[in-house]
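The residues making up each chain are set out below.
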Amino acid sequence: MRATQIVLVLFWLLCIHSPTLFCANVEYDHRALVIDGKRRVLISGSIHYPRSTPEMWPDLIQKSKDGGLDVIETYVFWNLNEPVRGQYDFDGRKDLVKFVKTVAAAGLYVHLRIGPYVCAEWNYGGFPLWLHFIPGIKFRTDNEPFKAEMKRFTAKIVDMIKEENLYASQGGPVILSQIENEYGNIDSAYGAAGKSYIKWAATMATSLDTGVPWVMCQQADAPDPIINTCNGFYCDQFTPNSNTKPKMWTENWSGWFLPFGGAVPYRPVEDLAFAVARFFQRGGTFQNYYMYHGGTNFDRTSGGPFIATSYDYDAPIDEYGIIRQPKWGHLKEVHKAIKLCEEALIATDPTITSLGPNLEAAVYKTGSVCAAFLANVDTKSDVTVNFSGNSYHLPAWSVSILPDCKNVVLNTAKINSASAISSFTTESLKEDIGSSEASSTGWSWISEPVGISKADSFPQTGLLEQINTTADKSDYLWYSLR
């Protein structure tokens, strides 16, 4: 008993004296994630560690914090971190632990989406190519060779995080983990083997004893205690598969990915803000932007369908780490308004009533605490509504937020943040890298052999399967016909 008391005292002292230690017990109930016994309203944003550089990370994370985020969400990229079976690479922008520690240093939480299938418009969905050549393997189904490799890599990541004391239960920032990724979109193709696989994945993940909850996105039948979550442009109508689980949104798409030859994606901030406010209006308490900073698909990491190297995603922080206005600023104001409602949001469920066609009020009230959301979901017509004896003007496709059930602090369609158009000049380049280097900076090029050489050519009747032939070392497979 005395030894236990000493350990607890030492742990308590570490929590007091280290600003990067959170020392939190993370659970959940039907309303929210519960951190150290307190329900929390949490705003999150995705930043993928390999889609930017370590030199960028502190600035990106600080800008995220300044924008009102509580959590940074990232995938873990299996093919990047284990390019050869049993050989791991966590150097440079692949350094997951350094990224998590950088988030912790800023005082933010982390949601670690291990997958290890991630999709993410990433080459091979994040799977390492060597996985393809394991005899008898079938991906993402009740297949023993695949499950053995998936468990081994998942355990490797969990052990790394544990060794660095980065789970919240150890004093670190990681409050959530994800296993699998949007499997519910395709599990019907696997039949009974898909159902048994998802149960196995849930059991495997929880057996790793992370001390924090696990989630599965787009998985309506996620087994207890896994929390099923929503991905999409709008998740206000989403309902968890159990009344013991909170309503969580793991991917609110801030824009979209850029395919070669396609138009540059754009999502108006008014629509994004509307979606966020509607989610919290209808009982949500955890919302994540996918992406908050999209970054760049370096090297040959971009996947299908024909994804460009830019993964800007029309995010609040653009591909180069520059704040995108008015998106960043308006969302910051939305976050402030929602946090003003936090005491009411975490205390009770909303009472939702109709104020007329396409008009809705949601009220959170307990004792003297009251917050309200007024929504006009008509896409064309502004209206004036009466609520609790007062008159309110609601623009089309907007939500008004009333932290005291009386006064509107924000309407999602009304933008106060100034628009900004970024420009790139020689002078700004000189400021960044120094005038002497700037004067000699220019485009560079490399010569890549294209075509068939005698050294690597061979005869073949018929067409070849690309990955089996090139082993993903080249995008080129050339045929000479005769």
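Since the model is a prediction, treat every value here as computed from it, not as a measurement.

Novice: What's the story with the overall build of the chain in this structure? I'm lost.
Specialist: Of the regular secondary structure elements, the chain holds twelve helices and 18 strands. Taking as baseline every contact in the chain between residues at least 6 positions apart, the subset at least 24 positions apart corresponds to 64%. Entry remark: accessible area of the chain is about 22,600 Å², with carbon and sulfur atoms responsible for 55%.

Novice: Just to check I follow, could you spell out the environment of S196 for this structure?
Specialist: Along the polypeptide, S196 turns up in helix α6 (residues 192-207). With a relative accessible area of 27%, S196 lands in the partly exposed category. A polar atom in the side chain of S196 sits 3.1 Å from the backbone oxygen of A193.

Novice: What's the story with the state of the cysteines in this structure? I'm lost.
Specialist: Each disulfide is one covalent bond, formed between the sulfur atoms of two cysteines. Under the counting rule described, the total for this entry stands at two disulfides. A disulfide bridge connects C230 with C235, and the sulfur atoms are separated by 2.0 Å. Judged by the torsion about the S-S bond (-75 degrees), the C230/C235 disulfide is left-handed. In this structure C235 comes out as buried when scored by relative accessible area, which is 1%.

Novice: Could you clarify how one ought to interpret the nonpolar core in this entry?
Specialist: By size, the foremost hydrophobic cluster in this structure holds 115 residues, and its most contacted members are I157, I175 and F280. Discounting residues that sit within four places of it in the chain, I157 has contacts with V76, F90, L96, L112 and I114. L359, C370, L374 and F387 belong to the second-largest nonpolar core, a separate cluster that totals twelve residues.

Novice: Quick question: what am I supposed to make of the packing of helix α5 (residues 144-163) against α6 here?
Specialist: If you want to describe how two helices pack, look at the angle between their axes and the distance between the axes. Two numbers describe how α5 lies on α6: the axes approach to 11 Å, and their chain directions differ by 25 degrees. Considered as vectors, α5 and α6 are oriented roughly parallel to each other. Relative to α6, the crossing made by α5 is right-handed. Residues F146, K147, M150, K151 and T154 of α5 form the contact with α6, whose own contacting residues are Y197, W200, A201 and M204. Class assignment for the residues of the contact of α5 with α6 results in six nonpolar, one polar and two charged.

Novice: Explain the sheet that holds strand β1 (residues 26-28) to me, please; I cannot follow it from the model alone.
Specialist: Sheet strands pair by backbone hydrogen bonding; their relative direction is either parallel or antiparallel. Taken in spatial order, the three strands of this open sheet run β1-β2-β3, and their pairing is antiparallel. In this open sheet, the two edge strands, each paired with only one partner strand, are β1 and β3 (38-40). Between one strand and the next, the sheet's axes are offset by a mean angle of 40 degrees, whatever the strand orientation. The pairing of strand β2 (residues 33-35) with β3 spans three bridges and is classified as antiparallel. What sits directly across from L33, in β3, is R40.

Novice: How should the pairing of strand β14 (residues 369-376) be read in this particular structure?
Specialist: For a regular strand, the rule is simple: side chains alternate between the two faces of the sheet. In terms of burial, β14 is a largely internal element, eight of the eight residues being buried. Where strand β13 (residues 359-366) and β14 come together, eight bridges link them in antiparallel fashion. The residue bridging A362 from the neighbouring strand is F373, located in β14. In sequence, β13 turns back onto β14 through a hairpin of two residues, with G367 there showing a positive phi of about 60 degrees. Sheet topology note: the β14/strand β17 (residues 398-402) ladder contains five bridges and is antiparallel. When the sheet's bridge partners are listed, A375 is paired in β17 with V399.

Novice: Would you mind showing me how to read the pattern of salt bridges here?
Specialist: Should the charged atoms of two oppositely charged side chains come close, the side chains can pair. Throughout the structure, instances matching the rule amount to 27 salt bridges. For K101, the salt bridge identified is with E164, shortest N-O distance 2.8 Å. Here the residue K101 occupies a position in helix α4 (residues 96-105), and E164 occupies one in the loop between α5 and β7 (174-179), the gap between them amounting to 63 residues. Given the relative accessible area of 37%, K101 is considered partly exposed. A relative accessible area of 35% places E164 in the partly exposed class. One salt bridge in this structure joins D236 and R278, with 3.4 Å as the shortest N-O distance. Pair noted here: D236 is in the loop between β9 (227-232) and β10 (248-253) and R278 is in helix α7 (residues 269-281), with a separation of 42 residues, a long-range link.

Novice: Got a minute to help me understand the packing of aromatic side chains in this structure?
Specialist: The relative placement of two aromatic rings is captured by the distance of their centres and the angle of their planes. Within this structure, the stated rule accounts for 33 aromatic pairs. Geometrically, the ring pair formed by Y88 and F90 is stacked, given 6.4 Å between the ring centres and 20 degrees between the ring planes. Owing to a relative accessible area of 30%, Y88 belongs among the partly exposed residues under this scheme. With centroids separated by 5.9 Å and ring planes inclined at 35 degrees, the aromatic side chains of F139 and F146 adopt a geometry described as tilted. Among the residues examined, F146 registers a relative accessible area of 1% and is labelled buried. Across the ring face of Y311, the terminal group of R51 is positioned such that the distance to the ring centre comes to 3.6 Å. The ring of Y88 is capped by K156, whose NZ or CZ atom sits 4.4 Å from the centre of that ring.

Novice: Explain a nonpolar patch on the surface to me, please; I cannot follow it from the model alone.
Specialist: Together, F233, Y234 and W256 make up a nonpolar patch on the protein surface, roughly 270 Å² of accessible area in all. Locating F233 in the fold gives a position in the loop between β9 and β10. Owing to a relative accessible area of 32%, F233 belongs among the partly exposed residues under this scheme.

Novice: Teacher, can you tell me more about the confidence of the model for the chain here?
Specialist: Caution applies to low-pLDDT parts of the model: their predicted coordinates are not meant to be read in detail. Of all residues in the chain, 89% attain a pLDDT of 70 or more, and the chain-wide mean is 91. Below pLDDT 50 for its whole length, residues 16-20 participates in three contacts with residues either more than four positions away or in separate chains. Below pLDDT 50 for its whole length, residues 428-439 participates in seven contacts with residues either more than four positions away or in separate chains.

Quick notes on the rules
Residues numbered from 1 in each chain as written. Predicted model: local features only at pLDDT ≥ 70, side-chain atom pairs only at ≥ 80, totals over all residues. Heavy atoms only, no water. Helix = DSSP H or I, 4+ residues; strand = E, 2+ residues; numbered from the N terminus. Contact = heavy atoms within 4.5 Å. Areas by Shrake-Rupley, 256 points an atom, 1.4 Å probe, with all protein chains shown as cover. Buried < 20%, exposed > 50% of the residue type's maximum accessible area, 1.4 Å probe, protein only. Polar contact = N/O pair within 3.5 Å; in protein donor to acceptor, adjacent residues only side chain to side chain. Disulfide = S-S within 2.5 Å. Core = buried A, V, L, I, M, F, W, Y, C linked by side-chain atoms within 4.5 Å. Axes fitted to C-alpha atoms, helices over the stretch in contact; angles between N-to-C directions. Parallel < 35°, antiparallel > 145°, perpendicular 65-115°, else oblique. Left-handed = near helix turned anticlockwise from the far one by under 90°. Nonpolar A, V, L, I, M, F, W, Y, C, P; charged D, E, K, R; others polar. Pairing = 2+ DSSP bridges. Salt bridge = Lys/Arg side-chain N within 4 Å of Asp/Glu carboxyl O. Phe/Tyr/Trp six-rings, centres within 6.5 Å; stacked < 30°, edge-to-face > 60°. Lys NZ or Arg CZ within 6 Å of the ring centre and 35° of its normal. Patch = residues over 30% accessible without salt bridge, like charges linked within 9 Å, V, L, I, M, F, W, Y side chains within 5 Å. pLDDT = per-residue confidence, 0-100.

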